[in-house]
Amino acid sequence: MIELRDLTVRFGGHEAVRHASFAAEAGDWVVLIGPNGAGKTSVLRAMCGLLPFDGEILVDGRDVRSLSRRELARIVAFVPQTPETPHELTVAEYVLLGRTPHIGYFAAEGSADRRAAASALDRLELSPFAERPLGSLSGGEVQRVVLARALAQEAPILLLDEPTTALDLGRQQQALELIDALRTDGLTVVSTMHDLTLAGQYAARLLLLDRGVVVAEGTPEEVLSVANLSAHYDARVRVVQDEDGIFVLPLRG
């Protein structure tokens, strides 16, 4: 579905991402991990056409630079860390904006668009909030609304930048389980996560970045080693594996 070849992203003379390559097939969930400033967000923003880059990003074999913004938005949905959420819009109005790539110029949304938006609201248990303005919601509620907008977009590739940061434990599980379930329908997910235990439990593959370079790639069991986390996070941790998955526990100094 999506492939990066020798991706490099620069800000002035600084290389935020250096020669990164990986691929994600239909139904994959690839999680980018790494310390602050490792280049994770820059990778996602390049993938959805928001940053210039060197190298190649291919979607079904097509270079994303050859696609119009509307064409790309039909294929790739992006949930940023700090989205624009106008306080005066209602939840229903904001989620319906996810249908914009499917609506013709000067056309109005149709019944299929309204159904897609209503379904996204229902999946994230947001239907009771539909008529509330965004400005009246908590940070966690807004984050769920932003995810609902991305789901309403019905793109086959979903990019998530720290999707659970503002969510409580139960809502984290709800959102991640929903995303994981959508993979059975072929949804491809590429996300960033700071919570390494959640990353290890939901990712099919992990990419560990440090200073813009992919320094480790593989299954959670392969990447989440004490040696890797000590070297690239400068952290003291304990890694526990059992039948329920892999857990990364910080240790006091």
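That block above? That's the structure.
Because the structure is a prediction, the values reported are computed rather than measured.

### Observations regarding the pattern of salt bridges
Tallying each qualifying case throughout the model produces 12 salt bridges. Arg5 is the salt-bridge partner of Glu56, the closest N and O atoms lying 3.4 Å from each other. With Glu56 in strand E4 (residues 54–59) and Arg5 in strand E1 (residues 2–11), the pair connects residues that are 51 residues apart, well separated along the chain. For Arg5, a relative accessible area of 38% gives the class partly exposed. Between Asp28 and Arg205 there is a salt bridge whose closest N-O contact spans 3.8 Å. Highlighted residues: Asp28 in the loop between strand E2 (14–24) and strand E3 (29–33) and Arg205 in strand E9 (residues 205–210), separated in sequence by 177 residues. Neither residue differs from the other here; Asp28 and Arg205 are each classed as buried. Where salt bridges share partners, they join Glu3, Arg5 and Glu56 into one cluster.

### Observations regarding the nonpolar core
Counting residues in hydrophobic clusters, the biggest one holds 52 residues, and the most contacted among them are Ile33, Val95 and Leu158. Those residues in contact with Ile33 that sit more than four places away from it in its chain are Lys40, Met193, Leu196, Ala199, Leu206, Leu207, Leu208, Leu209, Val223, Leu224 and Tyr233. Residues Val17, Cys48, Val64 and Leu72 belong to the second largest nonpolar core, which totals 32 residues.

### Notes on the environment of Val91
Tracing the sequence through the fold places Val91 in helix H3 (residues 91–96). When the C-alpha positions of Val91 and Val64 are compared, they lie 30 Å apart, and in sequence the two are 27 residues distant. Contacts of Val91, omitting those with residues within four sequence positions, involve Leu121, Phe129, Ala130, Arg132, Leu134, Leu137 and Val145.

### Observations regarding the sheet that holds strand E5 (residues 62–63)
Taken together, 4 strands build an open sheet; the order of strands is E2-E1-E4-E5 and the sheet is antiparallel. Edge positions in the open sheet fall to E2 and E5, since each of these has one partner strand only. Note that E1 and E4 share 5 bridges and pair antiparallel. Across the sheet, the residue bridging to Leu4 is Ile57, located in E4.

### Regarding the packing of aromatic side chains
What describes a pair of aromatic rings is the distance from one ring centre to the other and the angle between the planes of the rings. Tallied over the entire structure, the rule returns 1 aromatic pair. Ring geometry for Trp29 versus Tyr202: centroids 5.8 Å apart, planes at 45°, classification tilted. Remark: Tyr202 occurs in helix H7 (residues 196–202) and Trp29 occurs in strand E3; sequence separation between them is 173 residues. The same class applies to Trp29 as to Tyr202, namely buried. In this arrangement the basic side chain of Arg149 is found over the ring face of Tyr94, its NZ or CZ atom lying 4.9 Å from the centre.

### Quick word on the side chain of Arg144
Note that Arg144 resides in helix H5 (residues 139–152). A distance of 2.8 Å separates the side chain of Arg144 from the backbone oxygen of Leu124, its partner in a polar contact. Setting aside anything within four residues of it in sequence, one finds Arg144 in contact with Leu124, Glu125, Leu126, Leu167, Arg171 and Gln174.

### Focus: the sheet that holds strand E10 (residues 213–218)
Read from one edge to the other, the open sheet built from 6 strands follows the order E6-E7-E8-E3-E9-E10, with strand pairing classed as mixed. Since the sheet does not close on itself, it has two edges, and those belong to strand E6 (76–79) and E10, each with one partner. Each neighbouring strand pair of the sheet contributes to a mean axis angle of 15°, computed without reference to strand direction. Where E9 meets E10, 5 bridges bridge the pair, whose relative direction is antiparallel. Note that in E10 the partner of Leu207 across the bridge is Glu217.

### Regarding the pairing of E2
As a general feature of sheets, a regular strand has side chains that alternate between the two faces. The sheet contact formed by E1 and E2 spans 7 bridges and is antiparallel. Opposite Leu4, over in E2, you have Phe22 as the bridge partner. Counting the residues in the hairpin turn of E1 and E2 gives 2 residues, including Gly12, whose phi is positive at 65°.

Calculation criteria
Position labels on residues start from 1 in each chain and follow its written sequence. Totals for whole chains, interfaces and linings use all residues, but because this is a predicted model, local features are given only for residues with pLDDT of at least 70 and pairs of side-chain atoms are given and counted only at 80 or more. Working from all heavy atoms in the structure, the side-chain values ignore hydrogens and water. Only one rule defines a salt bridge in this text: a Lys or Arg side-chain nitrogen within 4 Å of an Asp or Glu carboxyl oxygen. Comment: elements are numbered from the N terminus, with helices defined as DSSP H or I runs of at least four residues and strands as E runs of at least two. Accessible area is worked out with a 1.4 Å probe on protein chains only. A residue is then buried under 20% of its type maximum, exposed over 50%, and partly exposed in between. Nine residue types can take part in a nonpolar core, namely buried Ala, Val, Leu, Ile, Met, Phe, Trp, Tyr and Cys, and a core is a set of them joined through side-chain atoms within 4.5 Å. The contact criterion used throughout is that any non-hydrogen atoms of two residues lie within 4.5 Å. Strand pairing is assigned whenever DSSP identifies at least 2 bridges connecting the two strands. Only the six-membered ring of Trp is used, alongside the rings of Phe and Tyr, when aromatic pairs are assigned; centres must lie within 6.5 Å, and planes under 30 degrees apart are stacked while those over 60 apart are edge-to-face, with the rest tilted. Counted as over-ring charges are cases with an Arg CZ or a Lys NZ within 6 Å of the ring centre that also lie within 35 degrees of the ring normal. Pairing of N or O atoms within 3.5 Å defines a polar contact, subject to two protein rules: one partner must be a possible hydrogen donor and the other a possible acceptor, and residues neighboring in sequence count only if both atoms are side-chain atoms. To obtain each axis, a line is fitted to C-alpha atoms, and for helices this fit is confined to the stretch in contact; angles are then taken between N-to-C directions over 0 to 180 degrees.

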